[in-house]
Amino acid sequence: PEETDETSDDDGDGISGTTILLIAVLGGLVIAAILAVTSFLSSRSQTREAEHLARRSRVAECVGGFRWFHDQGSMEIMRTSDPDQLRRAGQTTNARVIQLEGMASAMAIEADSPEMTAAFDDLGRASAALRAAIESDISLRSDPSNIARDDLVLQSAQTVQQQRVNLNTALSNPALRIR
């Protein structure tokens, strides 16, 4: 009589229970690895998308601030005739525009293309030129000795208007469009 080993895992076709268990464990590890890689790639994609949305938001804030300066801030100052109100409006606008120029400088450094870098550099330069023209105009119009000098006041207003045109041109750069 042949002796049978009852502790053998062989089911008669040559594959033991241990082998089946090992294959199942390896299959589970492969599935876990695939899930981990998929999760990692999805997380990276979400992080990139969040960074892109944050950058778009900063671009919109910066460009919107410069549009305000062009459309409202500079015009409010040019319409003001009272010297005290003129100085106050100039100081308030000046402080905000300096912040915007700093933001434009940072955006130029962070830009993801040479075109966007140039666009933010141009925007900062155009804004600084308009800000300087407005400061000069405020100084001229705030000095009582210049009030009768219509030629100087007119020339100053024309300079401010030309700098507004330059800022508007910088704002129309296609690289600043939010994508």
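Each remark here, short or long, concerns the structure printed above.
Below or above, wherever it landed, is the structure these notes cover.

Reading the values: rules and limits
Within each chain, residues carry numbers counting from 1 in the order of the written sequence. Thresholds applied to this predicted model are a pLDDT of at least 70 for local features of residues and 80 or more for the giving and counting of side-chain atom pairs; totals over whole chains, interfaces and linings are not thresholded and use all residues. To get the side-chain values, all heavy atoms of the structure are used, and hydrogens and water are removed first. The rule for a salt bridge is simple: a side-chain nitrogen of Lys or Arg has to be within 4 Å of a carboxyl oxygen of Asp or Glu. Going along the chain from the N terminus, every DSSP run of H or I of four or more residues is numbered as a helix, and every run of E of two or more is numbered as a strand. Exposure is judged per residue with a 1.4 Å probe applied to protein chains only, and the accessible area is read against the type maximum: over 50% gives exposed, under 20% gives buried, and values in between give partly exposed. All axes are obtained by fitting lines to C-alpha atoms, using only the stretch in contact for helices, and the reported angles, taken between N-to-C directions, cover 0 to 180 degrees. Geometric relationships in this document are graded by angle, where less than 35 degrees denotes roughly parallel, more than 145 denotes roughly antiparallel, 65 to 115 denotes roughly perpendicular, and other angles denote oblique. Helix crossings get a hand from a simple test, with the near helix turned counterclockwise from the far one by less than a right angle marking a left-handed crossing and a clockwise turn marking a right-handed one. The criterion used for residue contact is that any of the two residues' heavy atoms lie within 4.5 Å. Charged means Asp, Glu, Lys or Arg here, nonpolar means Ala, Val, Leu, Ile, Met, Phe, Trp, Tyr, Cys or Pro, and polar covers whatever is left, Gly included.

A few words now on the pattern of salt bridges. Following the criterion strictly, the structure yields seven salt bridges and no others. For D84, the salt bridge is made with R87, and the minimal N-O distance between the two is 3.1 Å. Of the two residues, D84 and R87 are both situated in helix 2 (residues 83-110); the distance of three residues between them amounts to about one turn of the helix. We classify R87 as partly exposed; its relative accessible area is 37%. When the shortest N-O distance is used, the salt bridge between R125 and D122 registers 2.6 Å. Of this pair, R125 and D122 both sit in helix 3 (residues 114-142), three residues apart, which is roughly one turn of that helix. Taking relative accessible area as the criterion, R125 reaches 53% and is therefore assigned exposed.

Right, let's get into the packing of helix 2 against helix 3. The geometry of a pair of packed helices is captured by two quantities: the angle between their axes and the separation between those axes. Where helix 2 meets helix 3, the closest approach of the two axes is 9 Å, and the angle between their N-to-C directions is 165 degrees. It follows that helix 2 is roughly antiparallel to helix 3 by the angle criterion. In this structure, the crossing between helix 2 and helix 3 has a hand that is left-handed. Here P83, L86, R87, G90, N94, V97, I98, E101, A104, M107 and A108 of helix 2 lie close against helix 3, whose contacting residues are T117, F120, D121, G124, S127, A128, R131, E135, I138, R141 and S142. Taken together, the residues of the contact of helix 2 with helix 3 sort by class into 10 nonpolar, six polar and six charged.

The values reported here are purely geometric and, on their own, carry no functional implication.
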